[in-house]
Structure formats: C-alpha cells, structure tokens
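Now for the letters of each chain:
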Amino acid sequence: MPSWAVSPQQTTGTSAQTTPHRAALHKRAKIHAQPAAATGQAQATNETARQSVQGLPSEPAPNYTQPLYLRPTGRDYTKPRGYWPNPIAPYAPQHEDVGRFSNSPRLDDLVKDGKIYLSLSDAIILGLENNFDIAIQRYNLDIADTDILRAKTGSSLLGVSSGLLTGTIGGTTSTVQASTGGGPGGTTAASGGAGAGASGLVLTTNGQGPQPEQMDPSITGNIQFERSKLPQTSPFQTGSLTLNQNTNTYNFTYNQGFVTGTALQVGFDNSRTTSNSRFNTYSPVLQTSFQAKLTQHLLNGCCVGINDRFVIQAKNDRRIADSAFRQQLLYTINQIENIYWGLVSAYEDVQAKQRALEQSTQLASDNRKQLQIGTLAPLDVVNADSQVASDKQALISSQSTLEYQQLVMKQAIARNLDDPRLANAPIIPTDRVSLLETPEEHTPVDDLVRQADANSPAIEQAMLTLKNDEITLKGVKNGLLPTVDVYGFYGAAAVGGAGNPLCNPLFGSCSVTPVGYSSAFENLFNSSNPDKGVGFNVTIPLRNRTAQALQTRSLLEYRQAQMRLAQLYVQTRMNVINGQYALTNDRAAVQAALAAREYARQSLDAEQKKYRLGASTTANVLQMERNLATAENNVISATAKYATDRAALAMTLASTLDRYGINIVDAAGGNISQQKLNIPGLEPAKQLPEVMIPGQQENLQKQEQQPVPEPQSQQNMPLPQQPH
C-alpha cells in the first residue's frame, strides 16, 4: 500500500503544505484576480500532500478556485430569503431567468462580406460564451449552492453532478459521431453527490449514518371549534340524558434542533369548554398547560461533528463542482482546438486538391495539343484524363469534409444557427500552428508531472471525494452505537373559568371564585402546579447487522477511493510522459514531411521540364504529381497532429487557462471581457485564397440578391449541401 494510503484517523489534523513552486508556475494573482482574502492563502500541491505526514491532507487547498467563488449570476443560493421586507418571501417560489439561447454579439461581429474570418482566439472565446456543454455545466455551480443551504437545516444532500458533458460534436471525419454524454448535468456517476452505476442500480454509502437534527425551527398550530351533543346512558353522570358541550382548542408546538444533537420542544395547549353538566364546577372551564422538553443524544447522533457533517460535505461538493467546471473548460477548449485544427487541415486539403486538379488538368490539355499534332499516343491522353477524374473526385470529397468541419465548428461556438447569414457563411481559419519549440518539450518530465499533479482537476476531485468519504465513515461509525438519550422537561397546568350556573350543590361545592384566563396563565409560571422531570431513553439494536454492513461497506468504498487516487497519479505521469514524447515525435514528423514535400515538388518540376523536352512520359509526370499529393497530405496530417498533441499536453498539465490568459471568473459568468487571448505557438496564415464550396457559393449569391427573410419563412431558404 502507498505510504499515503492510511486510515481516516491518521489524517485528522493534517494540514496542506505551502509550495512556492506553484506560485511561480501560474501567477494566479494576476490572471485569475482572486479576492484579497484568497490571495494570501498558501496553495498546496498534491505532490507535497502525498509526501506530508505520511498521509493525505485533511483538507486540500482550493486549486484555482475558492469555495463559493464562481457564480454564473449574482445570486447566492447558499443564503435563504429572509422575512424582511417581504414576510412571505420564504414561502414564495424562487424565479430563475430562462437561459440565453441566442448567440453572443461577438459572433455576429465576425461575419463580414458573407464570410467568417475566425482565429483560434475568437473560436475559444466564442466557445466560452456560447458552447452548450459549458452553459449546462454552469448550472451545477448554483445547484451545489442549494445543497449547502439544504445541509444547514440538517437535511440530507441531493448531490452534485461532476461528470464531463460531451454533447459537442467533435472530430475531423465527415461522419457525424454520436456523443457519449450522460445527459443534462453530467454523467450518472458524480464525485460530489451520491454516485450511481450503470442505469442507476448501484448506490453508495454517501450520506449514511444518524440523521442530523432539523435545525430550521417550526411552529405547529391547531385551532379547533367543536360543538357536540352526546347521549348519556344515565343522568347520574352529567345530570342530564344529553351532554351538550362546546369546546374551543388553541394548541401550539415549537420544535427546533441544534448542531450539538439537542432537540427542543415547547408545547402550549389551551381549551375553553362549556357544557350542561351539573357536576362541573366551572362553565366555561379554561384549561391551559405548557411543557418545555430538551432531549440530548449521548451516543448515536451526538455532538457537533455528526450533526454538521452534511454542511462540510456540501461545501466539499461545491469545491468539486468548481473543479468540475474548470475541467469542463479545459476539455471543451481542447475540443474546440481540435475542431479548429481539423478545419485548418480540411481547408488546406482543399487547396492542395485544387492545385493537384489544376496540374492534372493542365497536363491533359497539353497532351491533347500534342495528340493533335501527332507527337503523343492516344493512351497518354486517356491516362491524363483518368487522373483528372480522380482529382475531381478527391476535390469533391475534400470539399464535403471542409463543409462538415465548418458545421462542426459552428455548433461548437454558437447556440443558434437559424440565421441564414450565419448558417451559410463559410468559416476561414486565419491562424496556423508555429513549429517553434515549446518549453514543455525541454522541461524535465518530473517537473511536468509535479505541475500536472498540482493542477489536475481529476486529482483534486478525487482528494475531495476522499474527504467526503471520511465524513461518511465518521457518520456510519457513530451509527453503530446504541441510542441513549437524556431528556428533561418542565411544565405546568392551570384551570380557570366562571361558576357553573347549572351546578348541583348535592354533588359538590358550587361556590367558587371566578378565575380569568390571565390569572390561569399566570399560574403556569408561579410554580403553583409544576410538572417537571428527567429521564433516559435507551434503544439497543440486537445483532446490529444493518449498521455493521453499512460501516464495512463505507470503509471498503473509502479504500477503493484511495486506490483510485493512486491510479490517477500513475495515469497522470504516463499521460505527461506520453504527451512530451508525442510532441517531440510530431515535430520530427512535420519536419520530415516538409522535406519530403519539397523534394516531391522539385521532382515534379524537373519531370515536367523533361516532359516538355520529350525526355519523359505522361506516366512519369502523373506519378510525380501523385507523389506530391501524398506529400501534401502527409504535411497536413503531421501538422494537425502536432497542433492537437500540443493542446492535449496543455490539457493534461491543466495549464490551458494560464497559458491563454483566460479569466475563470468571466468564464463562469459567460461574459468574456477580453477581446483577444494571448495564445502562444501560433502564426498568421501566409495567404487566404478563396476556397468556396459550390453550395455555399449559390447561397451567398442569393443572399446578395434578396434581403434576409423573416424567421417563419426560413424553411424555404436553400441550405448548404449536406455531406453523405
């Protein structure tokens, strides 16, 4: 077992260690603009935590975010609505504005002359503002806050989804792939709340143990007016064969629990009864009583640590929701980068296919001229025409891929594609990847692993899950104990009223002094008729099998979570090493592909010169053209792989937000104040020749000739040809 995989008891009181390396790596004070209370807080790395005090930290320091720090709106759902100035506010339903389903203005500003000139910075910012996966994940921040409010009352938690949303279609193929997301809110298995297995068949022990006291006080009132006529079997019971009785009841009860495991109940009962009974001294008779009772749990359900555990767990869940939101940002940004480089590859592939078609078309034209003058065999013309047909088919296929990649990019950065001006506008990527070496390629791998361990949202969530498992262990361990409660109560009762005019002196004294309600109420507190006592309630479950099974399962789940955390560290190291190797290999592959393309280009040029001099054949020229086309494809593929692997390494290191200067607070609100991100490793495209898909060309021409129709007539608009 690893040195840090210890029992929950060994972790109590352990504090996270300060790591200066982390501050030097990220400069969070400038980039993330955290509150003043948080800027001075020591940030601990998970690497240090693994080595500290032979165990996990008792409470891992917040990573990038503070609890209750990220908010999609200005509302704080951890705070209840008070009675002032609206007394009925606590009982009124909460109103939540409908989410925005339109695109941010930034996207409309990019449409110029019927085209969208899109940089990688624009694509990422638009994704932060418009992407549905990120928008859905934002709701989990507020949902986690509602669990904190719920936990403060002693109620059990509902849990928070922390799984990644993968509803955005990605990839670089021309076939739409089904998404693997788990529906709104994330996957069914969540780190924060009660996890669920496939189809929700498996539950965890999360939240088990004694139920805390309900700390929201409640008042129960019962007011009743009763008029009854009861037939009597003998007049000696009431002095009449029919007992007429009017009873008014006014009873009230106050209940409140406390975090110490204490319950308070105060009852105040009142009644006013008139009857025709001749044996009653008073009519009406006023009866009033009260009793205040305190009950304290001594074993099961005792003390602060058990009754406030849901509040601590809810705050951990909020931190998990913050971490999951950061993980969603990293994932979606990486997905948008992959889509962008897929679009660049498709764009350049169309250009390469156009150049190949121009070359083969020119060769076929030259061959026909030579055939007409009798210097070339007809078979060479057929061979050239066959290559032209192949190049046309390749160009059509490449154009279909480009159109699909444009659609994929639009659905990743837009919420609404109903506007024909946006739906039909071709996207022209303006950035290209630079082959300048990145610092990660030469950084020692151990330093990269430490950085990934410190910043990984998955590791952060796993550590917080361990903290929640420790809380659960504390609760189920307390649940093994018998129930032993001590209680004490004090009360009194008083009677008053007026003399009964129907009273029969033969059966008792009818001369009484009238006692009003105020005097009877006063007698409740002057110790004239006290009712007081103490006692114990003891419940001992025989065999106690349910609690035993629960405690054992909770411990096993805790050990399982420790094993999962150890696995995450190993996986992170492997991913970092693999990412660094991939980057080095990709750079070499790009350089080799560039050299091969240059050789193929010069070879084709030499072969064409020889062909014009009659020293070569059509077959040789066509072979050189195919070699150049293959070399072009290799360059495009190698460059795209280098770009995507570089973005993937940044996601593994969880450094994307720092590298690009993205403010996570703005991302949580969905309003990005920056106009441009500082993304390293890019260079502008050297040229942007027109690449127009035939279907898009027709749509743009129609849009120029007629105004944009109203939304209800959009179904008649010609749409871009969909790839099959």
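What you see is a predicted model; the values in this text were computed from it and never measured. (Residues numbered from 1 in each chain as written. Predicted model: local features only at pLDDT ≥ 70, side-chain atom pairs only at ≥ 80, totals over all residues. Heavy atoms only, no water.)

Some thoughts on the overall build of the protein
- Scanning the protein from N- to C-terminus turns up 20 helices and 11 strands.
- Taken over 724 residues, the protein has a buried fraction of 46%.
- Within the protein, contacts between residues at least 6 apart in sequence are counted, and of these 81% link residues at least 24 apart.
- Summed over its atoms, the accessible surface of the protein is roughly 36000 Å², and 56% of this surface lies on carbon and sulfur atoms. (Helix = DSSP H or I, 4+ residues; strand = E, 2+ residues; numbered from the N terminus. Buried < 20%, exposed > 50% of the residue type's maximum accessible area, 1.4 Å probe, protein only. Contact = heavy atoms within 4.5 Å. Areas by Shrake-Rupley, 256 points an atom, 1.4 Å probe, with all protein chains shown as cover.)

Observations regarding the sheet that holds strand S2 (residues 115-118)
- Spatially, three strands are ordered S1-S2-S7 in an open sheet, and the strand pairing comes out mixed. In the strand order of this sheet, the two ends are held by strand S1 (111-112) and strand S7 (427-429), each with one partner.
- As judged from the three bridges shared by S2 and S7, these two strands associate in the parallel manner. Directly across from isoleucine 116, in S7, lies its bridge partner isoleucine 427.
- Relative to the sheet, helix H10 (residues 309-372) contacts S2 and S7, its axis offset from that of S7 by approximately 95°. (Pairing = 2+ DSSP bridges. Axes fitted to C-alpha atoms, helices over the stretch in contact; angles between N-to-C directions.)

Regarding the side chain of arginine 318
- Tracing the backbone through its elements, the reader meets arginine 318 in helix H10.
- Looking at arginine 318, the relative accessible area reads 0%, which means it is buried.
- Of the polar contacts made by the side chain of arginine 318, one reaches the side chain of aspartate 145; its length is 2.6 Å. (Polar contact = N/O pair within 3.5 Å; in protein donor to acceptor, adjacent residues only side chain to side chain.)

Notes on the confidence of the model for the protein
- This prediction gives the protein a mean pLDDT of 81; 79% of its residues lie at or above 70.
- With pLDDT under 50 throughout, residues 172-200 is counted as low confidence; its partners more than four residues away or in other chains account for 59 contacts.
- Note on residues 708-724: pLDDT is under 50 here. Beyond four places in sequence and across chains, it has 21 contacts. (pLDDT = per-residue confidence, 0-100.)

Notes on the pairing of S2
- The pairing of S1 with S2 spans two bridges and is classified as antiparallel. Bridge assignment links lysine 112 to a residue of S2, and that residue is lysine 115.
- Between S1 and S2, which pair antiparallel and follow one another directly, the connecting turn spans two residues, one of which, aspartate 113, has a positive phi of 55°.

Section: the nonpolar core
- In this structure, Leu118, Ile124 and Met409 are the most contacted members of the largest nonpolar core, which totals 71 residues.
- Sorting elements by how many residues they give to this core places H10 first, with 16 residues.
- Every residue in contact with isoleucine 124, bar those within four places of it in the chain, is listed here: Ile333, Ile336, Glu337, Tyr660, Ile662, Leu677 and Ile679. (Core = buried A, V, L, I, M, F, W, Y, C linked by side-chain atoms within 4.5 Å.)

Comments concerning the packing of H10 against helix H17 (residues 618-652)
- The interhelical angle for the contact between H10 and H17, taken along N-to-C directions, is 170°, at an axis separation of 9 Å. Between H10 and H17, the angle falls in the class roughly antiparallel.
- A class-by-class count of the residues in the contact of H10 with H17 yields 14 nonpolar, nine polar and seven charged. (Parallel < 35°, antiparallel > 145°, perpendicular 65-115°, else oblique. Nonpolar A, V, L, I, M, F, W, Y, C, P; charged D, E, K, R; others polar.)

Considerations on the packing of aromatic side chains
- In this structure the tally under the stated criterion is eight aromatic pairs.
- Aromatic pair phenylalanine 268 and phenylalanine 521: ring centres 5.9 Å apart, planes at 75°, arrangement edge-to-face. Taken together, the residues phenylalanine 268 in strand S5 (residues 262-275) and phenylalanine 521 in helix H15 (residues 517-523) connect sequence positions 253 residues apart.
- Taken together, the ring pairs connect Phe268, Phe290, Tyr490, Tyr517, Phe521 and Phe525 into an aromatic cluster. (Phe/Tyr/Trp six-rings, centres within 6.5 Å; stacked < 30°, edge-to-face > 60°.)

Examining the sheet that holds strand S9 (residues 483-499)
- The strand order across the open sheet built from six strands is S3-S4-S5-S6-S9-S10, with neighbouring strands paired in antiparallel fashion. The open sheet has two free edges, formed respectively by strand S3 (218-231) and strand S10 (530-539), since each of these has just one partner strand. Direction aside, neighbouring strands of the sheet carry axes that sit 15° apart on average.
- Where strand S4 (residues 242-258) meets S5, 14 bridges bridge the pair, whose relative direction is antiparallel. Counted as the bridge partner of glutamine 245 is serine 275 from S5.

Points about a nonpolar patch on the surface
- Where nonpolar side chains cluster on the molecular surface, the patch consists of Leu298, Leu299, Leu481, Phe536, Val538, Ile540 and Leu542 and spans about 710 Å² of accessible area.
- Residue placement: leucine 298 occurs in the loop between strand S6 (282-297) and helix H9 (304-307). (Patch = residues over 30% accessible without salt bridge, like charges linked within 9 Å, V, L, I, M, F, W, Y side chains within 5 Å. Salt bridge = Lys/Arg side-chain N within 4 Å of Asp/Glu carboxyl O.)

Let's talk about the state of the cysteines
- Applying the stated criterion to the full structure yields one disulfide.
- The residue that forms a disulfide with cysteine 302 is cysteine 303, at a sulfur-sulfur distance of 2.4 Å. One disulfide, between cysteine 302 and cysteine 303, carries an S-S torsion of 45° and so falls in the right-handed class. (Disulfide = S-S within 2.5 Å.)

Re the environment of glutamate 441
- With respect to the helices and strands, the residue glutamate 441 is situated in the loop between strand S8 (431-433) and helix H13 (445-455).
- For glutamate 441, a relative accessible area of 10% corresponds to the buried category.
- Between the C-alpha atoms of glutamate 441 and leucine 583, which are 142 residues apart in sequence, the distance is 6.9 Å.
- Among all residues touching glutamate 441, those that are not within four sequence positions of it are Gln580, Leu583, Thr584, Arg587 and Tyr642.

A word on the pattern of salt bridges
- Applying the stated criterion across every chain, the model contains 25 salt bridges.
- We note a salt bridge from aspartate 446 to arginine 573, for which the minimum N-O separation is 3.4 Å. In this pair, aspartate 446 is assigned in helix H13 and arginine 573 in helix H16 (residues 545-612), connecting sequence segments 127 residues apart.
- Taking the shortest distance from any N to any O, the salt bridge between glutamate 598 and arginine 601 comes out at 3.1 Å. Within this pair, glutamate 598 and its partner arginine 601 are both found in helix H16, separated by three residues, close to a single helical turn.

Section: the environment of asparagine 383
- Positionally, asparagine 383 belongs in helix H11 (residues 378-413).
- When the C-alpha atoms of asparagine 383 and threonine 618 are compared, they prove to be 7.8 Å apart, with 235 residues separating the residues in sequence.

Considering the environment of glutamine 562
- By the secondary structure assignment, glutamine 562 is in helix H16.
- We classify glutamine 562 as buried; its relative accessible area is 4%.
- Residues glutamine 562 and leucine 466, spaced 96 residues apart in sequence, show a C-alpha to C-alpha distance of 7.1 Å.

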